[in-house]
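Per-entry structural report
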Amino acid sequence: MLSRQARLSTLRGLQQVRWASTSGAPSSLLLIEHNDGVINAGTLSALTAASKLGGEVTGLVIGAPDAVKGVVEKAKKLKGLTKVIYAPSTQYAAPLAEQVSPLVQELLKSSSYTHFLASHSTTAKSLLPRVAAQLDVPAVSDITSVEHNSDGSTTFQRPIYAGNAISTVKAPSSIPIKVFTVRGTAFDKAETDGPEVPAEEIKAVEVKDSPTEHLKTSLTQSDRPELGVASKVVSGGRALKSAELFEKTLHPLADVLGAAVGASRAAVDAGYADNSLQVGQTGKIVAPELYIALGISGAIQHLAGMKDSKMIVAVNKGESEQPSAVFPNPDAPIFQVADVGLVADLFEAVPEMVEKLKK
């Protein structure tokens, strides 16, 4: 009788035989995320990343039957896709990793896909590591660069140490399926008016007795642009002093600019802004054309989430958001990354900015 270790080695060997060799042209499976019939902007960036691999790119759409139909029609026109497959099912109305992973696992095992990817979203951060673990392969998260090599390996780059260093990761050809998530701000969005590609319905994999149940979704309603994809962002820190002053000071400037509103972790922890507005290492990563930081000292965790912005404007007296430290006015850390810095009282400067912008 074979030992347990020998049996596991045999099973892994059989699994490797079932999967196609990755030494040929790559074939990618992209998770197409959507909300209220609109394809997420992060997915469009992930499609651009998939296109850089070369080879075929298949889009996977899952969701409730009434939601999937419209999304599929839009997905068929995404430039860079070669095919769309979709699985309509009521169990995918709220895509939980425990319910979606069996479908993805079956697709990856029964087809010749060499890569499985998605945007670095909340859903993907839950689903992709689970799928990777089930397939006994590693997962690479939040990549900012990708290249498929002639020997079947794939080279990724991803930020580490709060964005202060870049790690280069090479997944060899011996890994049959490369699983990774894509930082949306690192890639251009794919065009949505490409030639129409074929679509095929696939059967959902029923999951009985799921350990997780979706209870409800609570959304923060706003007429402003979505923070993660906005071209202009106005963020505030703890120097705003209260939730009332945060709204009274930031919102008029954001409104006149047509910008999204963000916040530092210190402002969120102090209750000035909702958690969904947090920008930084433990919040949202943004890279807008214009980022205005008001009363934000520039803690390393915050800089990690916004330092790739094209134009950074900072208004700050120079006081740190850390109670134990005070910086001289010109030396506030935010000014080290800012393209334009104003050492001033934001409660005086911001109303002036709003009045001039209105003219």
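Look up a bit, the structure's there.
Residues numbered from 1 in each chain as written. Predicted model: local features only at pLDDT ≥ 70, side-chain atom pairs only at ≥ 80, totals over all residues. Heavy atoms only, no water.

1. Observations concerning the packing of helix H6 (residues 243–257) against helix H10 (residues 346–358)
At a minimum axis separation of 9 Å, H6 and H10 run at an interaxial angle of 25°. Regarding the angle of H6 to H10, the classification is roughly parallel. Regarding H6 and H10, the two cross each other, and that crossing is left-handed. Contacts from Leu245, Thr249, Pro252, Leu253, Val256 and Leu257 in H6 reach Leu346, Phe347, Val350, Met353, Val354, Leu357 and Lys358 in H10. (Axes fitted to C-alpha atoms, helices over the stretch in contact; angles between N-to-C directions. Helix = DSSP H or I, 4+ residues; strand = E, 2+ residues; numbered from the N terminus. Parallel < 35°, antiparallel > 145°, perpendicular 65-115°, else oblique. Left-handed = near helix turned anticlockwise from the far one by under 90°. Contact = heavy atoms within 4.5 Å.)

2. Description of the sheet that holds strand E14 (residues 260–263)
Here five strands make up an open sheet; going across it, the order is E14-E13-E15-E16-E17 and the pairing parallel. Only two strands of the sheet have a single partner each, and these edge strands are E14 and strand E17 (340–342). In this sheet, adjacent strand axes meet at a mean angle of 15° when their direction is disregarded. Two strands pair when backbone bridges link them, and strand E16 (residues 311–315) and E17 are joined in this way by three bridges, in the parallel orientation. The residue bridging Ala314 from the neighbouring strand is Gly341, located in E17. Across the face of the sheet, H6 comes into contact with strand E13 (232–236), E14 and strand E15 (290–294) while running at roughly 170° to E13. The strands touched by H10 are E15, E16 and E17; relative to E16, the strand with the most contacts, the crossing angle is about 130°. (Pairing = 2+ DSSP bridges.)

3. Some remarks on the environment of Gly80
With respect to the helices, strands and loops of the structure, Gly80 is situated in the loop between helix H3 (65–75) and strand E5 (83–88). What makes Gly80 partly exposed here is its relative accessible area of 32%. (Buried < 20%, exposed > 50% of the residue type's maximum accessible area, 1.4 Å probe, protein only.)

4. Some words on the sheet that holds strand E8 (residues 145–148)
Strand order in the open sheet formed by three strands is E8-E9-E10, with antiparallel pairing between adjacent strands. Edge strands, defined here as strands with exactly one partner in the open sheet, are E8 and strand E10 (165–171). In this sheet, adjacent strand axes meet at a mean angle of 20° when their direction is disregarded. Across four bridges, the pairing between E8 and strand E9 (residues 154–160) is antiparallel. Within E9, the residue paired with Glu147 across the bridge is Thr155.

5. Observations regarding the packing of aromatic side chains
Summed over the entire model, instances satisfying the criterion amount to one aromatic pair. Both rings, one in Phe156 and one in Phe180, keep their centres 4.9 Å apart while their planes meet at 55°; by these two values the pair is tilted. Of this pair, Phe156 sits in strand E9 while Phe180 is found in strand E11 (residues 178–182), placing the two residues 24 residues apart along the sequence. Neither Phe156 nor Phe180 differs from the other in exposure class; each is buried. (Phe/Tyr/Trp six-rings, centres within 6.5 Å; stacked < 30°, edge-to-face > 60°.)

6. Observations concerning the packing of helix H4 (residues 97–110) against helix H5 (residues 122–134)
How two helices sit against one another is set out by the angle between their axes and by the gap between those axes. The interhelical angle for the contact between H4 and H5, taken along N-to-C directions, is 50°, at an axis separation of 9 Å. One element, H4, and the other, H5, form an angle in the oblique class. The crossing of H4 and H5 is right-handed. Across from Ala97, Glu98, Val100, Ser101, Val104, Gln105 and Leu108 in H4, the residues of H5 making contact are Ser126, Leu127, Arg130, Val131 and Gln134. Partitioned by chemical class, the residues of the contact of H4 with H5 number six nonpolar, four polar and two charged. (Nonpolar A, V, L, I, M, F, W, Y, C, P; charged D, E, K, R; others polar.)

Purely geometric stuff here, so don't read any function into it on its own.
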